[in-house]
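Spelled out, the chains give:
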Amino acid sequence: MKRKKILLVAPPYRGHLHPLLGIGRRLSSIADVTVVSTPRGIAAAKAAGLSGCEVMVAHESEIWAIVEPGCFVKNHPLLLYRQLKSNVAIMLDFHKEFSAICKETSPDLVIADFTIPVAGLVATDYGIPWWTTMPSPCVLETPDGPPAYFGGQIPATTLHQRMLHALLRAATRLFKRLVWLRFWKQFRAMGYKRVYREDGSESIYSPLKVLGLSAAGIEFPRTYPKAFKLIGPVLYGPEFTGDTPDFSDTHAVHVLITIGTHLPHAKEPLVATMKGLAQRHPQIVFHFSHGKAMSTSSRRESNFHEYSYIDYEAHLSRYHLVVHHGGSGVMNHCLRHGIPTVVFPHDYDQFDCAARMAYHGLAYQVKGADELEDAMLRALADAELHERCKAFAEIHQTYDAEGEVLALVKALEANR
């Protein structure tokens, strides 16, 4: 029987790319899988044992500049507009390149990260089924529940809160419609004809399958579109051959600090803060990860160690506490290992992820660096927090998202 062709489309950012690589590795048992990404993304794909097709070669630096603007974007309208403007210009070129790829390869299925909806638009033009992957389902619009990108909203319990959420959801829809009006010529050229479908779902996501890569127990109750399916997290990570964290002091408490791949402007101030904490708490060993897998160096000063990169899958279970930014990747690794956390969100959907962790009693959330010391000490001493994290880990470990996708692909073929 002829093997099917599947294209996986993702930006080079690890939080978006790695889940698709994990899915691709599982799907490669039944299909010819090709990863479509920038050169840095393709290098990661090849390290995962997958074939790749490079796109946007001339735009690699611009693509990284969009998510690393040197400041916090949050929900600032002007900064969001600047990001969107840059993104639209790049996506026009991507539309042409991906269209040529689809024409040449004739794939049977396209699975695209939610940040690259143009891939779905192209697939639609060629009559190819396409699915969306969403590592952070909290960003998906729904007609009820807490809206995303507003500082980490939690479920409403009062009439005032419900009214506020309704107002914020309306503001989100208005903003997206205004963006469409501003760039309607470019959007039309890409096949993006309207913001919402008749059923109210967002047309930038697949009408067939929107795969939420998160655990049901961490998400807030909301009414999702029919195409949405929560399948659990994908925790693929590449093998790292650089310096590994030092746990030689077996009697010490070890704390990991990481704020992911992006936010380079926030890392040095946080290093300075954590060094101060290390000096005041010599009984704790602090490990700071800079999230740079391309580097292999480390630096150690007494009980404060800096590493270019720390492999979560290999080492996370050794830590007593993790201080992180609320990225979906590290969040799910901590949940899988039952590690208590202090969440210090900085930007994007991190506030929404942090709100979910804190709401379910699986983390302490802080608003500023001045709150880290107190929260960290309380978290380390909180026996009930540790027990809740261990209990949730048992649930988290039951997920097999890659297996779910494999079954969905087989079902797709059977239905044909």
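Shown above is the structure to which this text applies.
Asker: Any chance you could explain the sheet that holds strand β13 (residues 341-343) here in plain terms?
Answerer: Adjacent strands of a sheet form backbone hydrogen bonds with each other and so pair up, either parallel or antiparallel. A sheet is described by the order of its strands in space; here seven strands give the open sequence β10-β11-β9-β8-β12-β13-β14, paired in mixed fashion. The open sheet has two edge strands with one neighbour each: β10 (298-301) and β14 (363-365). Between one strand axis and the next, the sheet turns by 15 degrees as a mean value, whatever way the strands run. Pairing between strand β8 (residues 253-258) and strand β12 (residues 321-324): four bridges, direction parallel. In the sheet register, Ile 257 faces β12, and the bridge partner there is Val 323.

Asker: Could you clarify how one ought to interpret the pairing of strand β1 (residues 4-9) in this entry?
Answerer: For a regular strand, side-chain orientation follows a simple rule: the groups alternate between the two sheet faces. Here six bridges tie β1 to strand β2 (residues 31-37), and the two strands are oriented parallel to one another. Pairing of Lys 5 across the sheet is with Asp 32, part of β2. The β-α-β motif built from β1, the intervening helix α1 (residues 14-27) and the parallel element β2 has right-handed crossover chirality. As defined by bridge partners, β1 adjoins strand β4 (residues 109-113) across four bridges and the pair is classed as parallel. Of the residues in β4, the one forming a bridge with Leu 8 is Ile 111.

Asker: I would appreciate a short explanation of the nonpolar core in the present structure.
Answerer: As a rule of thumb, nonpolar side chains are buried together in soluble globular proteins. One finds Val 255, Ile 257, Leu 270, Met 274, Phe 286, Val 342 and Leu 372 to be the most contacted residues of the largest nonpolar core, which totals 46 residues. In terms of residue count, helix α8 (residues 264-280) provides more of this core than any other element does, six residues in total. If sequence neighbours within four positions are ignored, Met 274 has contacts with Ile 257, Phe 286, Phe 304 and Leu 372. Of all hydrophobic cores here, the second largest spans 34 residues; its members include Ile 63, Met 91, Ala 119 and Val 195.

Asker: What is the right way to look at the packing of α8 against helix α12 (residues 372-381) in this model?
Answerer: Helices that pack against each other are described as a pair by the angle of their axes relative to one another and the distance between those axes. For the pair α8 and α12, interaxial distance at closest approach is 11 Å and the crossing angle is 55 degrees. Taken together, the axis directions place α8 and α12 in an arrangement best described as oblique. Between α8 and α12 lies a crossing of right-handed hand. For the pair α8 and α12, contact is made by Leu 270, Thr 273, Met 274, Leu 277 and Arg 280 and by Leu 372, Glu 373 and Met 376, respectively. Here the residues of the contact of α8 with α12 sort into five nonpolar, one polar and two charged.

Asker: How do you make sense of helix α13 (residues 383-396) when you look at a structure like this?
Answerer: Because each turn of an α-helix spans 3.6 residues, side chains separated by three or four positions in sequence point in the same direction. Here α13 spans 20 Å end to end across 14 residues, near enough to the 20 Å set by a 1.5 Å rise per residue. Among the residues making up α13, those that are buried are Leu 385, Cys 389, Phe 392, Ala 393 and His 396. Within α13, the buried residues cover an arc of 110 degrees as seen down the axis, which keeps them to one side. Exposed and oriented more than 90 degrees from the buried face of α13 are Ala 383, Glu 384 and Glu 394. For α13, the elements touching its buried residues are α10 (328-337), β14 and α12. A side-chain oxygen of the first residue of α13 lies 3.1 Å from the backbone nitrogen of Glu 384; this N-cap is Asp 382.

What counts and what doesn't
Residues numbered from 1 in each chain as written. Predicted model: local features only at pLDDT ≥ 70, side-chain atom pairs only at ≥ 80, totals over all residues. Heavy atoms only, no water. Pairing = 2+ DSSP bridges. Helix = DSSP H or I, 4+ residues; strand = E, 2+ residues; numbered from the N terminus. Axes fitted to C-alpha atoms, helices over the stretch in contact; angles between N-to-C directions. Right-handed = clockwise from strand over helix to strand, strands pointing away. Core = buried A, V, L, I, M, F, W, Y, C linked by side-chain atoms within 4.5 Å. Buried < 20%, exposed > 50% of the residue type's maximum accessible area, 1.4 Å probe, protein only. Contact = heavy atoms within 4.5 Å. Parallel < 35°, antiparallel > 145°, perpendicular 65-115°, else oblique. Left-handed = near helix turned anticlockwise from the far one by under 90°. Nonpolar A, V, L, I, M, F, W, Y, C, P; charged D, E, K, R; others polar. Expected span 1.5 Å × (residues − 1). Arc of directions from axis to C-beta. Polar contact = N/O pair within 3.5 Å; in protein donor to acceptor, adjacent residues only side chain to side chain.

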